[in-house]
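# Report on the structure
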Amino acid sequence: MSAQKKVAFYTLGCKLNFSETSTIARNFQNEGFDRVEFDEKADIYVINTCSVTDNADKRFKSIVKSALKQNENAFLIAIGCYAQLKPEELAAVDGVDMVLGATEKFKVTDYINDLSKNEMGEIHSCEIEEADFYVGSYSIGDRTRAFLKVQDGCDYKCTYCTIPLARGISRSDELENVLKNAKEISEKGIKEIVLTGVNIGDYGKGEFGNKKHEHTFFELVKALDTIEGIHRLRISSIEPNLLTNETIEFVAQSNSFVPHFHIPLQSGSDTLLKLMKRRYLRETYNNRVAAIKKAMPNACIGVDVIIGFPGETDELFLETYNYLNELDISYLHVFTYSERPNTEAFEMDGVVSKKVRTKRSKMLRGLSVKKRRSFYESQLGNQLTVLFESENKEGFIHGFTENYVKVKTPWNPELVNTLHQIKLTEIDEDGIVRFDWVKVPTFV
Ligand code: SF4
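Residues numbered from 1 in each chain as written. Predicted model: local features only at pLDDT ≥ 70, side-chain atom pairs only at ≥ 80, totals over all residues. Heavy atoms only, no water.

### Observations concerning the overall build of the protein
Worth spelling out the cut-off: Numbering of helices and strands starts at the N terminus; helices are DSSP runs of H or I of at least 4 residues and strands are runs of E of at least 2. C-alpha atoms define the radius of gyration, and 2.2 Å times the number of residues to the power 0.38 defines the globule rule. To sort residues, take the accessible area from a 1.4 Å probe on protein chains only and compare it with the maximum for the residue type: under 20% means buried, over 50% means exposed, and anything in between is partly exposed. In what follows, residue pairs with any heavy atoms lying within 4.5 Å of each other are defined as contacts.
Assigned secondary structure in the protein consists of twelve helices and 19 strands. Against the compact-globule benchmark of 22 Å for 444 residues, the protein has a radius of gyration of 22 Å, which places it among compact chains. When its C-alpha atoms are laid out on the principal axes, the protein stretches across 60 × 60 × 45 Å. Looking at the protein as a whole, 55% of its 444 residues qualify as buried. Sequence separation of 24 or more characterises 72% of the internal contacts of the protein that already satisfy a separation of 6 or more.

### Some remarks on the packing of aromatic side chains
Stated precisely, the cut-off is as follows: Two aromatic rings from Phe, Tyr or Trp, using only the six-membered ring of Trp, form a pair when their centres are within 6.5 Å; if the ring planes differ by under 30 degrees the pair is stacked, by over 60 it is edge-to-face, and anything between is tilted. Criterion for a charge above a ring: Arg CZ or Lys NZ at most 6 Å from the ring centre, at most 35 degrees from the ring normal.
For the structure on display, the rule yields 15 aromatic pairs. Plain terms: the ring middles of Phe9 and Phe28 are 5.6 Å apart, the flat faces sit at 75 degrees to each other, and that makes the pair edge-to-face. Of this pair, Phe9 sits in strand S1 (residues 6-11) while Phe28 sits in helix H1 (residues 15-30), and the two are 19 residues apart along the sequence. What makes Phe9 buried here is its relative accessible area of 9%. Pairing Phe218 with Phe250 gives two aromatic rings, centres 5.9 Å apart and planes at 80 degrees, and the pair type is edge-to-face. Of this pair, Phe218 sits in helix H7 (residues 217-225) while Phe250 sits in helix H8 (residues 245-253), and the two are 32 residues apart along the sequence. You'll find Phe218 and Phe250 in the same group, each marked buried. One aromatic cluster is present, built from ring pairs that chain together Phe9, Phe28 and Phe33. It is Arg26 that lies over the ring of Tyr138; its NZ or CZ is 4.3 Å from the centre. The lysine or arginine in question, Lys408, covers the ring of Phe396, its NZ or CZ lying 4.4 Å from the ring centre.

### With respect to the site of the ligand
Using the following cut-off: For each residue, the test is whether any non-hydrogen atom lies within 4 Å of the molecule or strand; if one does, the residue is near. Polar here means any residue outside two lists: the nonpolar Ala, Val, Leu, Ile, Met, Phe, Trp, Tyr, Cys and Pro, and the charged Asp, Glu, Lys and Arg; Gly therefore counts as polar.
In the vicinity of the ligand, the contacting residues are Cys154, Tyr156, Cys158, Tyr160, Cys161, Ile163, Pro164, Val198, Glu239 and Arg278. In the shell around the ligand, the residues fall into eight nonpolar, no polar and two charged.

### With respect to the side chain of Ser19
Here is the rule: N or O atoms within 3.5 Å of each other form a polar contact, as long as, within protein, one can give a hydrogen and the other can take it, and as long as residues adjacent in sequence are counted only when both atoms are side-chain atoms.
With respect to the helices, strands and loops of the structure, Ser19 is situated in helix H1. Within the structure, the side chain of Ser19 is placed 2.8 Å from the backbone oxygen of Leu16, a separation counted as a polar contact.

### Focus: the pairing of strand S14 (residues 331-336)
Basically, it comes down to this: Here a strand pair is declared whenever DSSP counts at least two bridges between the two strands. Looking down the strands as they point away from the viewer, one classifies a crossover as right-handed if the path from the first strand across the helix to the second runs clockwise.
By the bridge criterion, six bridges tie strand S13 (residues 300-307) to S14 in an arrangement that is parallel. Residue Gly302 lies in a different strand from S14, and its bridge partner there is Tyr331. Considered for its hand, the β-α-β crossover made up of S13, helix H11 (residues 314-326) and S14 is right-handed.

### Quick look at the packing of H11 against helix H12 (residues 354-379)
How we decide: Comment: axis = line fitted to C-alpha atoms, over the contacting stretch for helices; angle = value between 0 and 180 degrees taken between N-to-C directions. Angle categories are assigned with fixed cut-offs, so that under 35 degrees is roughly parallel, over 145 is roughly antiparallel, 65 to 115 is roughly perpendicular, and the rest are oblique.
Where H11 contacts H12, the axes come no closer than 10 Å and their chain directions differ by 5 degrees. In terms of their interaxial angle, H11 and H12 are classed as roughly parallel. On the side of H11, the interface is formed by Asp314, Phe317, Tyr321, Leu324, Asn325 and Glu326, while H12 contributes Arg360, Met363, Leu364, Leu367, Lys370 and Lys371. Among the residues making up the contact of H11 with H12, the classes are represented as six nonpolar, one polar and five charged.

### Quick notes on unusual backbone geometry
Phi is positive for Lys277, which is not a glycine, with a value near 55 degrees. Looking at the secondary structure, you find Lys277 in the loop between helix H9 (270-275) and helix H10 (282-295). Non-glycine residue Tyr404 carries a positive phi angle of around 60 degrees. Along the chain, the position of Tyr404 falls in the loop between strand S16 (396-401) and strand S17 (406-410).

### Topic: the sheet that holds strand S6 (residues 122-124)
Taken in spatial order, the six strands make up an open sheet running S2-S1-S3-S4-S5-S6, and their pairing is parallel. Every interior strand has two partners, whereas the edge strands, strand S2 (34-35) and S6, have only one. Running at roughly 175 degrees to S1, H1 makes contact with S1, S2, strand S3 (44-49) and strand S4 (75-80) of the sheet. Contacting S1, S3 and S4, helix H2 (residues 56-70) runs over the sheet at an angle of about 165 degrees to S3.

### Overview of the pattern of salt bridges
It is possible for side chains bearing opposite charge to pair when their charged atoms get close. Put simply, the rule reads: Salt bridge, as applied in this entry: a Lys or Arg side-chain nitrogen positioned within 4 Å of an Asp or Glu carboxyl oxygen.
This structure, assessed with the given rule, holds 26 salt bridges. One salt bridge connects Glu239 with Arg278, and the closest N-O pair in it is separated by 2.6 Å. Taken together, the residues Glu239 in the loop between strand S11 (232-235) and H8 and Arg278 in the loop between H9 and H10 connect sequence positions 39 residues apart.

### Remarks on the environment of Thr358
Relative to the helices and strands, Thr358 is located in helix H12. Separated by 22 residues in sequence, Thr358 and Thr336 have C-alpha atoms that sit 7.6 Å apart.

### Re the sheet that holds S14
Strand order across the open sheet formed by three strands is S12-S13-S14, with parallel pairing between neighbours. Strand pairing shows two members of the sheet lacking a second neighbour, strand S12 (260-266) and S14, which therefore form its edges. For this sheet, the mean angle separating the axes of adjacent strands, direction not counted, is 20 degrees. Of the strands in this sheet, S12, S13 and S14 are in contact with H11, which crosses S13 at around 175 degrees.

### Focus: the domain arrangement of the protein
The following threshold applies: Where each domain begins and ends is defined by an automated method or by a domain database.
Examined at the domain level, the protein breaks down into domain 1 (6-126), domain 2 (131-258) and domain 3 (383-437). Of note, the centres of domain 1 and domain 2, computed from C-alpha atoms alone, are 25 Å apart. Domain 1 puts 19 residues into the contact, and the matching count from domain 2 is 24 residues. Here domain 1 is connected to domain 2 by two salt bridges. Applying the counting criterion to the domain 1 and domain 2 interface returns eight residue pairs in polar contact (both at pLDDT 80 or more). Mapped by element, the contributors of at least two residues to the side of domain 1 that touches domain 2 are H1 and helix H3 (81-85). Take the side of domain 1 that touches domain 2: its biggest share by element is nine residues, from H1. Grouping the amino acids of the side of domain 1 that touches domain 2 by side-chain chemistry returns seven nonpolar, seven polar and five charged.

Below, the structure is given as structure tokens:
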């Protein structure tokens, strides 16, 4: 295909999707395509979809519309989790020319010989069992930090989740490859790497295409810690039952791993955790939080929680609310339960009305604001390191400390992607933290 062709990408969903889009985009560029922004005119638009996003179908249709507004003759390709779960549904959307499943998404450039529009989207999908091989990826250039994929798929059977159906069995990158990718990223001047996957605590499983664990997540963490030139390593999200004491203690003494843990809880009620088929109960979660705070009192702990799961009575919801209110955690990501076909929860009794789901979600988001504020307050006066991002937001540049405190200072392009020692002073009206420089940069 000639080099003049322009390609643009749109990614929905998680850090893993962003790392995969970035790698696929590099494949296109290696084949001589020009990458343009999604709001620019392109010959090809690739949309990396998500099956967890609420209203995923509505979102997808509006993204398709915005691409066709740029170029009504453009060739539109859908990839990602939604494309694997419902290829026919996406292929039937007006303007979609091709839908690629989990085994084909990394081979997009092999499928675009003829860019003429198709009446009905052409589907190249697979049974998810065929997606049992691993393809590495990492994001670069789109943000200050790079998302490094280390693991894919999941063998757990949480009753509300479709991810195993969209991404297949748990499998991992070979340790040597992860280390090679991490070096490549740091050599490109990226200061922070975020380890990402579906169930990264299960790292090592299927590393050489078999069901065995060749390495453990702890061994991965130790190996990455030895790489020269990486300033920061952040663990994106890890299951509580897979976060070991040795990993926590290692992070506590590490110079590169940051004291920030994002640990899915999903419910503060053991009754619901059992219905969700989660692999732990509250006691394990308490224990993880306590172990982290003992080893790193200033650590940031983020929590995923689902509200409105079938069977969540007012009492059980309050159990979750009170549990989280007591817990020494820093912020919440609140997800409203939404029915997913082919999941066990889809058939469960005790459906919670949309109105009640909305009310409960609002309450937990309010609690998250309170938790984040008291965590930020606990950090005032502390001397920390900030990594500045790249955007000028209303005359300010933002950045995050190692323990995920968001700070800001007047915009200065020379601060982009730089690390500085700061002392946190106060929380401004937007809930963002202001600071004093420990050593004022010469250009400030
Ligand atoms: S651990 Fe559970 S919620 Fe997470 S991807 Fe696996 S099945 Fe889904």
